[in-house]
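# An overview of the molecular structure
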4 protein chains.
Amino acid sequence: MDDQAAELVERGRKRIEWIRSRMPLLAAARADFAVSRPFDGLRIGMSLHLEPKTAVLLETLAAGGAELVATGNHGSTQDDIVAVLRADGMTVFGRRQDSVERHHENVAAVLDAAPGILLDNGGDLAAGVVARGIESSILGGTEETTSGGDRLRGELAGRVPFPMIVINDSRLKAIGENRHAVGQSVVESFMRITNMMIPGRRFVVAGYGWCGSGVAHYLRALGGKVAVVEVDELTAFEAALDGYRVGSLENLAGWGEVFITATGQAGIITEEIFPLLADGAVLANCGHFPWEIDVPALTAAATGIHPLDEAIDRIDFADGRHVILLADGRMMNLAGREPKGNSLESMDLGFLLQVLSLERIATAADTLVEGAQPVPDDLDRLIARRMLAAMAADR
Amino acid sequence: MDDQAAELVERGRKRIEWIRSRMPLLAAARADFAVSRPFDGLRIGMSLHLEPKTAVLLETLAAGGAELVATGNHGSTQDDIVAVLRADGMTVFGRRQDSVERHHENVAAVLDAAPGILLDNGGDLAAGVVARGIESSILGGTEETTSGGDRLRGELAGRVPFPMIVINDSRLKAIGENRHAVGQSVVESFMRITNMMIPGRRFVVAGYGWCGSGVAHYLRALGGKVAVVEVDELTAFEAALDGYRVGSLENLAGWGEVFITATGQAGIITEEIFPLLADGAVLANCGHFPWEIDVPALTAAATGIHPLDEAIDRIDFADGRHVILLADGRMMNLAGREPKGNSLESMDLGFLLQVLSLERIATAADTLVEGAQPVPDDLDRLIARRMLAAMAADR
Amino acid sequence: MDDQAAELVERGRKRIEWIRSRMPLLAAARADFAVSRPFDGLRIGMSLHLEPKTAVLLETLAAGGAELVATGNHGSTQDDIVAVLRADGMTVFGRRQDSVERHHENVAAVLDAAPGILLDNGGDLAAGVVARGIESSILGGTEETTSGGDRLRGELAGRVPFPMIVINDSRLKAIGENRHAVGQSVVESFMRITNMMIPGRRFVVAGYGWCGSGVAHYLRALGGKVAVVEVDELTAFEAALDGYRVGSLENLAGWGEVFITATGQAGIITEEIFPLLADGAVLANCGHFPWEIDVPALTAAATGIHPLDEAIDRIDFADGRHVILLADGRMMNLAGREPKGNSLESMDLGFLLQVLSLERIATAADTLVEGAQPVPDDLDRLIARRMLAAMAADR
Amino acid sequence: MDDQAAELVERGRKRIEWIRSRMPLLAAARADFAVSRPFDGLRIGMSLHLEPKTAVLLETLAAGGAELVATGNHGSTQDDIVAVLRADGMTVFGRRQDSVERHHENVAAVLDAAPGILLDNGGDLAAGVVARGIESSILGGTEETTSGGDRLRGELAGRVPFPMIVINDSRLKAIGENRHAVGQSVVESFMRITNMMIPGRRFVVAGYGWCGSGVAHYLRALGGKVAVVEVDELTAFEAALDGYRVGSLENLAGWGEVFITATGQAGIITEEIFPLLADGAVLANCGHFPWEIDVPALTAAATGIHPLDEAIDRIDFADGRHVILLADGRMMNLAGREPKGNSLESMDLGFLLQVLSLERIATAADTLVEGAQPVPDDLDRLIARRMLAAMAADR
């Protein structure tokens, strides 16, 4: 390894160290795996973000004897982390600058390696396996995302003859990640990006599901005045009894100072809403897809777009008003100069769901049904107990 | 009517007036029913608490054209309210002083009246109908309680050839009543009965379901330090992320100053726990059944039992410690000199679920399946919208 | 003692028992006093409410060797408690039914007894002493109320040649009683009197001092939407940063559903406001004097006044609207069928301020200045430490 | 101006733009000043941080006609901002890399310019004026900090024959900045630096003054379990009634996971405490001076010190435990890769206190007394009203 490469590895290791030290659930799993070696002789093919947190996940699987063959997602791969993983003996494809074509080649390369287990993200590996007709060599796998789960239950339904455990279906994950970790990271990123005051400020949160209710809760906890927009009547009633003002976006558009979308649906803040917004209103999104704020329509309606700071753009309208758009309508908690994303402990929890589900695949795939399924109930409960112990919740 | 009877009616009407004025959902239903008359020609047989709040429910059904034949529950019938209902032309059996035998006769008398619709409470009417084999004359009915719903799905499963809508299955009711109204009434009754300070006080709440999580939330909101005991790991994890201390009753027994059971299960605070409690600990229950605190065991373990105030007993132990038992371990929010129970608005909501479910039975029973079933989704949503409007939730 | 009198004493003792058991600070003081006997040979002349809580205060002073000569306040004396106190050897004047004239005779009778120390309430005893010119025989005393303190610093300034410690000046009391105990008792009494739901309800709190900020805090904690009216700009700013909507009563009059005055000033809800109130608005007061809601003007503006329930009146206006007045505009937390008032622990704290201040008068009057003065700082701190220990605040 | 210089100015202007757009109070003052020109013909000598927020302050004074002569504080000067200010015609001394000696020369250069008004920070300018004996040419000035105020009332007492308004004495600033803005920025910086989860985590906050109570409040609001250490009994009692666990640092040392000092005093977390801390405990400070955590003692006790991430060091002890030190014990809310500091709105408020105080000096110095004094009450109230209006607090 030349000096430059060594330096890259060194930098990557440094960044992983703090994170690893705050993931006690994975640390315990690594210790267990070092003895039980559930993945001995097995190759896991993976498609996932390659950044410092996931590096700790990969280490853990490797400690269990797995041979790892991984590709990053398009555009999010961090090269210093890749350097570390390769230095540790894993086969990793992909670089930050990869084109889309190159990314597809990377996915193909993972499948070429003939993995026996899949760790999938968005259903790409599962779809590739089906397309190649190589299902019989696969024990099973996990799928991280809801959208991958939807794909498994939709276009791939009945075509995947091995178990795929959908991690995001876990109620544990909904509580620990969607409600609390996203809620916390949204208030963190709002403050970090804008440096604006929360106490006494008027926020409108669109959506009161797991994420939206968490965001509304934490904004109010920090002293914000929070109104909720929710189309489902029963959920809207829940928000009203939780003490929120609950109304339509049309009626709240002139009242709010900051709007945060968390519905999971497209077309929430649209051209019908723009004329109703007060001058200087701030628009942000924390839903997975960047379609809740109709940015193309916003751009079309603008007479000028001025970047003011990292992830802050001023959009001018012809009538003299302007609005502020954060992070181009993408997930605000991954934006700005130094994005942090969800808390380390919530990732530790989510990753333990991953590794124990993969262990179940490796050791007892025959106890599972074919196709998409939630995390086995006994694993959910085991992990809940471990998390309670790690938190020392009884103190 | 003699003077004494007139006075009784007068007193009853007075007590109903304030309550009626704070039940806008039923008021609107009465106005609708006066036009649509959904119950014209129908007799509704009822078994329910007869007190001022239910009187407004009965008025509303009568406004829809129903002929009402009702009996109170055993021991809770309020004679002045019965007098009002009779003066208004309803057939009402039962008095506060009735024996159990007499109560059974009252239930039988309701069935003797050959009702076409049932408003049941605990499954007594439905069981009577099955026993008598008179099912064919019944359009259907509603069942208020979860335990009645369990009975319909258990011993009566397959034997009730008409729809029975179980009101308590509604998520609307779980939110409005179980979480918020019970939570609010528990803190109200704790303060009203004991006059004790909440800020800084150490509470242990057993159970973190709809009721328990509401109780924990409101106690903490008032400044209490709250620990939660919950046997389900996933729910315990939810409590931990909500910021509560979460542990076993054994470990928290010496820490808590006040213990409130809300599990729905028997045998929570038992003889194993008594020796662990600190001197002066207060024991209370808000679950439906008086079995969560093992009062017989407590009585057996006591060297003396001293009533100190209404619904407050001091239980002395041989080792010199004592504990305080509220309301004999019965529902604390219905105890004390002037019990209030759940808020008027939450009852208004629950009763609208009743009357619109009964209207559905009366007008479209053929759209429903036989046996136990939840409130039709469209009614749940309609009522949620009406409640949001009545609250002016958007202001 | 005849049977009836014995029964009265018995009833009184019963009512005191629970209360005494929840006043650990006074219990410890009684134990200390039994040894140190600071009041041996001293007669304390007292003017105070005579009810179960104050009975525990009197017991404590008696345990310190004091000879007690007391009169109740006009109209609040509870005869069974008086019977207990007399049975315990204290000299007590006054009965519930006493006329104002008779009450003045009672006050005079206390002074006739030539007390060496005063426990005053509103300045009546101090004023009597000055009028009679018997100051030289008095060591000093305590004054419970702010209005009595104002009198000592106003019309009696320079005329009271002995120390008078004004209990209400203590920051400890402002925190423990004005903010937290009153805040808690206002939400308790609102729920107890009206049985109305708090979550999602719109409240307007007038005044954001110790009491008002406590009331606003606890209403919001229970899920209420709370707006604040406050004339002092700096305090209004504090409320705004605490996250409340802050506006004028005129602008909030049509928004609020419930209005609670806590300003200490007269003329807050006046005839200018009545026409702006929404139909069915509820008006209540928790300030000491019944002048914050202009009840005479309200009565004059009414076309009808209908009592609906204990402490609940409906006031009809000519334009068809009505409002609800609670407790005739008097302190709502002392109203209703079973008023509780401030929590036992907050009274325990306030009474310890009394007894230790009286002990200081008895044992070291020469360390104090003449006239009105706050509780000595060392006592404030000693009591804070005892309260922290009694609460086991570190657990 | 050469290309490089132009680029520097361009970059600085960009960074100021977003900040300026969120400071409406200064914007209004600029508009007023452009008409009233209170500083026409006056030179203001300034010592302050030179960064984007203060640039908006300087613009505002310049808009009022002031000639500005400024030096930055040692070590905090941002060169691009200096470039902007110079391009706008102000005389600015200092660069980021300046030595201490050079900094002293800069301060001297400001005084050499013979300013008629001072904007001081820590008392350096006032002390220089006294040392030079040039007091007669000075109308007066403002002092930003508490420590500068202490100096004016201490070593400089009686020696400054002109008014110096101490901005930090304002209750408005204590509420808006010390409690809320610092509280908010501490939770923001904790999340930003560590990426750790707050819900369910155990925090110990040392100090319950304006800053500490704000920090404790916001940590608890985000779901943390918070204990408070406070040596003043009355303040400790306040914390206890606010529902916090309140104890000694010794007793809480083993319980806490994260310790945040906010006392303003030196020597809070000392070598006596180190052995009591749990393995992995995190130590942080938000007080102004870096002396609350005894870092020299910590370094001396360490067997190794390992930087893990920006502002995160692991300190190893001989017994195998380690602790994490954030930001070397300096103000955590100014640390990390992208520190934000207090919210824009709280700075807008604080700067309006500055500019209106300076205007008062310029236009009515004769209405003020000599030496240190708080912001005139009428200005405090005026600014409170403007802030309430800018927040639209009544919506």
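Notes on the structure in this doc start here. Please read these numbers as outputs of a predicted model, since none were measured by experiment.

### So, the overall build of chain A
Scanning chain A from N- to C-terminus turns up 14 helices and 15 strands. For chain A, whose C-alpha radius of gyration is 22 Å, the value lies close to the compact-globule estimate of 21 Å for 395 residues. With the principal axes as the frame, chain A shows a C-alpha extent of 65 × 50 × 45 Å. By residue count, 64% of the 395 residues in chain A fall in the buried class.

### Things to note about the interface of chain C and chain B
Facing the 49 residues of chain C at the interface are 49 residues of chain B. Linking chain C with chain B are 6 salt bridges. Two residues, B:Glu338 and C:Arg337, come together in a salt bridge whose shortest N-O distance is 3.1 Å. Our count for the contact surface shared by chain C and chain B stands at 37 residue pairs in polar contact (both at pLDDT 80 or more). If you list the elements that add at least two residues to the side of chain C that touches chain B, you get helix H1 (3–21), helix H8 (171–194), helix H9 (210–221), strand E12 (304–309), strand E13 (312–316), helix H13 (344–364) and helix H14 (377–391) of chain C.

### A few points about the pattern of salt bridges
By the definition in use, this model includes 120 salt bridges over all chains. The partner of D:Arg151 in a salt bridge is D:Glu155, and the shortest N-O contact between them spans 3.4 Å. Among the residues examined, D:Arg151 registers a relative accessible area of 24% and is labelled partly exposed. Here D:Lys340 ties to D:Glu338 by a salt bridge, and the two come within 3.9 Å at their closest N and O atoms. The class of D:Glu338 is buried, set by a relative accessible area of 11%. Beyond isolated ion pairs, a larger network of salt bridges with shared partners links A:Asp232, A:Glu233, B:Asp377, B:Arg381 and B:Arg385.

### Considering the relation of the copies chain C and chain B
You can overlay chain C on chain B at an RMSD of 0.1 Å; the transform is a turn of 180 degrees with a shift of 0.0 Å along its axis. Taken together, these values place the two copies in the relation of a two-fold axis. A symmetric contact is evident, with 100% of the interface residues of chain C recurring at the interface of chain B.

The rules behind these values
Residues numbered from 1 in each chain as written. Chains lettered and ligands numbered in written order. Predicted model: local features only at pLDDT ≥ 70, side-chain atom pairs only at ≥ 80, totals over all residues. Heavy atoms only, no water. Helix = DSSP H or I, 4+ residues; strand = E, 2+ residues; numbered from the N terminus. Rg over C-alpha atoms; globule rule 2.2 N^0.38 Å. Buried < 20%, exposed > 50% of the residue type's maximum accessible area, 1.4 Å probe, protein only. Contact = heavy atoms within 4.5 Å. Salt bridge = Lys/Arg side-chain N within 4 Å of Asp/Glu carboxyl O. Polar contact = N/O pair within 3.5 Å; in protein donor to acceptor, adjacent residues only side chain to side chain. Least-squares fit on C-alpha atoms with pLDDT ≥ 70 in both.

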